[in-house]
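If you want the building blocks of each chain, they are given just below.
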Amino acid sequence: MRYWLMKSEPDEVSFDDVLAAPDRTVAWFGVRNYQARNFMRDQMQVGDGILFYHSSCAVPGVAGIARVASGAYPDATQFEEGGKYFDPKATRETPRWISVDVQALAQGRYLPLTELRAVPELEDMVLLQKGSRLSISPVTPGQWKKILALAGLS
DNA sequence: GCCAACGTTGGC
DNA sequence: GCCAACGTTGGC
């Protein structure tokens, strides 16, 4: 059982969108970074905890918690010619990018990035490191507990 | 829109 | 394999 932070642009997929989806579950598509992909491929397991983070928006922050709801499978968007996530080097036989299913679990108090930065126990979070751009990053059990407490979800 | 930081590409 | 050029991320 591991914990992760996953970034989504709310204009594309917000936490509310996941809550409203059938079975509160969506495919996590569009990862185009090898380090993030490898976390999904090599380390994620069904049941892992997810901090659902809103990026590139007016108030970036943690919007809710979710769980990994499937193993890895090929990301369908890599084959969509003309689409934003099309990858000409990917083939059906040798896909390059993968997805997992993500199921929303609970929505607590919204935790803005600025607030997270002010919490001493969270200063080692990958998210908060200078220049960190990873769309999927590991979260320690201690960081997970702290954030759930801050969100009122403990 | 700006720009720092980082990742990828491709010529050599 | 190096590294300059270019592209992307994402907070502000």
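Procedures and definitions
- Residues numbered from 1 in each chain as written.
- Chains lettered and ligands numbered in written order.
- Predicted model: local features only at pLDDT ≥ 70, side-chain atom pairs only at ≥ 80, totals over all residues.
- Heavy atoms only, no water.
- Near = heavy atom within 4 Å.
- Salt bridge = Lys/Arg side-chain N within 4 Å of Asp/Glu carboxyl O.
- Buried < 20%, exposed > 50% of the residue type's maximum accessible area, 1.4 Å probe, protein only.
- Helix = DSSP H or I, 4+ residues; strand = E, 2+ residues; numbered from the N terminus.
- Polar contact = N/O pair within 3.5 Å; in protein donor to acceptor, adjacent residues only side chain to side chain.
- Nonpolar A, V, L, I, M, F, W, Y, C, P; charged D, E, K, R; others polar.
- Contact = heavy atoms within 4.5 Å.

Chain A carries the name EVE domain-containing protein in an unreviewed UniProt entry, which gives Massilia norwichensis as its organism.

What about the protein's contact with DNA strand C?
K7, Y53, S55, S56, P60, L113 and R133 make up every residue found near DNA strand C. If you look at DNA strand C and keep only atoms within 4 Å of the protein, 72% of those are sugar or phosphate atoms.

Points about the pattern of salt bridges
Enumeration over the complete set of coordinates arrives at six salt bridges. Close ionic contact of D87 with R96 constitutes a salt bridge, the shortest N to O distance being 3.6 Å. Here D87 falls in the buried class, since its relative accessible area comes to 10%. Between K146 and E121 there is a salt bridge, and its shortest N-O distance comes to 3.3 Å. With a gap of 25 residues between them, K146 in helix 4 (residues 141–151) and E121 in the loop between helix 3 (113–117) and strand 9 (136–139) connect regions that are remote in the sequence. Its relative accessible area of 26% is what places K146 among the partly exposed residues.

Description of the protein's contact with DNA strand B
Surrounding DNA strand B, one finds Y34, K130, G131 and R133. At a separation of 2.8 Å, a base oxygen of DNA strand B approaches a polar side-chain atom of R133. Residues of the surface near DNA strand B, tallied by class, amount to one nonpolar, one polar and two charged.

Side note on the environment of D124
On the secondary structure map, D124 appears in the loop between helix 3 and strand 9. For D124, the residues in contact, after removing those within four places along its chain, are Q129 and Q143.

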